[in-house]
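Spelled out from the first residue to the last, the chains are:
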Amino acid sequence: MALVLTRSNGEGVDIGDHIHIKVRVVGGRARLEISAPDDMTIVRSELRKLTNECKSHREKKSADAIDTSRA
(Lines give C-alpha, C1' and ligand atoms only; values in the text may rest on other atoms or scores of the structure.)
Protein backbone atom coordinates (compact mmCIF):
# COMPACT_ATOMS: atom_id res chain seq x y z
CA MET A 1 0.00 0.00 0.00
CA ALA A 2 1.31 3.47 -0.81
CA LEU A 3 0.27 7.01 -0.08
CA VAL A 4 0.78 9.34 -3.04
CA LEU A 5 0.80 13.07 -2.32
CA THR A 6 1.35 16.19 -4.36
CA ARG A 7 3.44 18.78 -2.56
CA SER A 8 4.38 22.30 -3.58
CA ASN A 9 7.78 23.89 -3.05
CA GLY A 10 8.42 24.29 0.68
CA GLU A 11 5.60 21.98 1.77
CA GLY A 12 6.31 18.79 3.64
CA VAL A 13 5.07 15.58 5.16
CA ASP A 14 5.35 14.33 8.75
CA ILE A 15 5.70 10.62 9.47
CA GLY A 16 4.89 9.95 13.08
CA ASP A 17 6.28 12.41 15.60
CA HIS A 18 9.94 12.27 14.63
CA ILE A 19 10.28 12.23 10.82
CA HIS A 20 9.71 15.29 8.64
CA ILE A 21 10.17 15.44 4.86
CA LYS A 22 10.22 18.82 3.14
CA VAL A 23 10.10 19.33 -0.63
CA ARG A 24 12.29 21.96 -2.28
CA VAL A 25 12.41 22.57 -6.03
CA VAL A 26 15.83 23.81 -7.14
CA GLY A 27 16.63 24.28 -10.81
CA GLY A 28 13.72 22.12 -11.93
CA ARG A 29 14.74 19.21 -9.66
CA ALA A 30 12.91 18.12 -6.55
CA ARG A 31 15.00 17.90 -3.37
CA LEU A 32 13.79 16.09 -0.29
CA GLU A 33 14.99 17.37 3.06
CA ILE A 34 14.56 14.56 5.57
CA SER A 35 14.75 15.17 9.30
CA ALA A 36 14.81 11.99 11.39
CA PRO A 37 16.34 10.70 14.63
CA ASP A 38 20.08 9.95 14.48
CA ASP A 39 19.50 6.24 15.09
CA MET A 40 17.36 5.91 11.94
CA THR A 41 19.06 4.86 8.70
CA ILE A 42 18.03 6.75 5.56
CA VAL A 43 19.23 5.21 2.27
CA ARG A 44 18.35 5.97 -1.35
CA SER A 45 16.42 2.99 -2.77
CA GLU A 46 18.85 2.41 -5.65
CA LEU A 47 21.74 2.12 -3.17
CA ARG A 48 19.78 -0.35 -1.02
CA LYS A 49 19.09 -2.44 -4.13
CA LEU A 50 22.77 -2.40 -5.11
CA THR A 51 23.82 -3.33 -1.56
CA ASN A 52 21.36 -6.25 -1.52
CA GLU A 53 22.62 -7.46 -4.92
CA CYS A 54 26.24 -7.35 -3.67
CA LYS A 55 25.27 -9.22 -0.50
CA SER A 56 23.52 -11.94 -2.55
CA HIS A 57 26.56 -12.24 -4.82
CA ARG A 58 28.93 -12.61 -1.82
CA GLU A 59 26.67 -15.25 -0.27
CA LYS A 60 26.55 -17.21 -3.54
CA LYS A 61 30.35 -17.08 -3.91
CA SER A 62 30.72 -18.27 -0.32
CA ALA A 63 28.28 -21.17 -0.88
CA ASP A 64 30.10 -22.09 -4.12
CA ALA A 65 33.43 -22.12 -2.26
CA ILE A 66 32.00 -24.49 0.36
CA ASP A 67 30.65 -26.82 -2.36
CA THR A 68 34.04 -26.80 -4.15
CA SER A 69 35.91 -27.65 -0.94
CA ARG A 70 33.74 -30.75 -0.47
CA ALA A 71 34.59 -32.14 -3.91
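These remarks concern the structure in this document.

Conventions we followed
Residues numbered from 1 in each chain as written. Predicted model: local features only at pLDDT ≥ 70, side-chain atom pairs only at ≥ 80, totals over all residues. Heavy atoms only, no water. Helix = DSSP H or I, 4+ residues; strand = E, 2+ residues; numbered from the N terminus. Buried < 20%, exposed > 50% of the residue type's maximum accessible area, 1.4 Å probe, protein only. Contact = heavy atoms within 4.5 Å. Areas by Shrake-Rupley, 256 points an atom, 1.4 Å probe, with all protein chains shown as cover. Pairing = 2+ DSSP bridges. Salt bridge = Lys/Arg side-chain N within 4 Å of Asp/Glu carboxyl O.

## What about the overall build of the chain?
From N to C terminus, the chain includes 1 helix and 3 strands. Split into buried and exposed, the 71 residues of the chain put 3% on the buried side. Looking at the chain alone, contacts between residues at least 24 apart form 0% of all its contacts between residues at least 6 apart. As presented, the chain carries roughly 6,600 Å² of accessible surface, and 52% of it is formed by carbon and sulfur atoms.

## Here's the deal with the pairing of strand 2 (residues 19–26)
Relative to strand 2, strand 1 (residues 12–15) runs antiparallel, the two sharing 4 bridges. Following the sheet pairing, Asp 14 is matched in strand 2 by His 20. Counting the residues that bridge the hairpin from strand 1 to strand 2 gives 3 residues, and of these Gly 16 lies at a positive phi of roughly 65 degrees. Linking two consecutive strands that pair antiparallel, namely strand 2 and strand 3 (residues 29–35), is a turn of 2 residues; a positive phi of about 60 degrees is found at Gly 27 within it.

## Describing the pattern of salt bridges
Think of it this way: side chains of opposite charge can pair up when their charged atoms draw near. What the rule picks out here adds up to 3 salt bridges. Note that Arg 7 is salt-bridged to Glu 11, the shortest N-O span being 3.7 Å. Using a relative accessible area of 36% as the deciding quantity, one classes Arg 7 as partly exposed.

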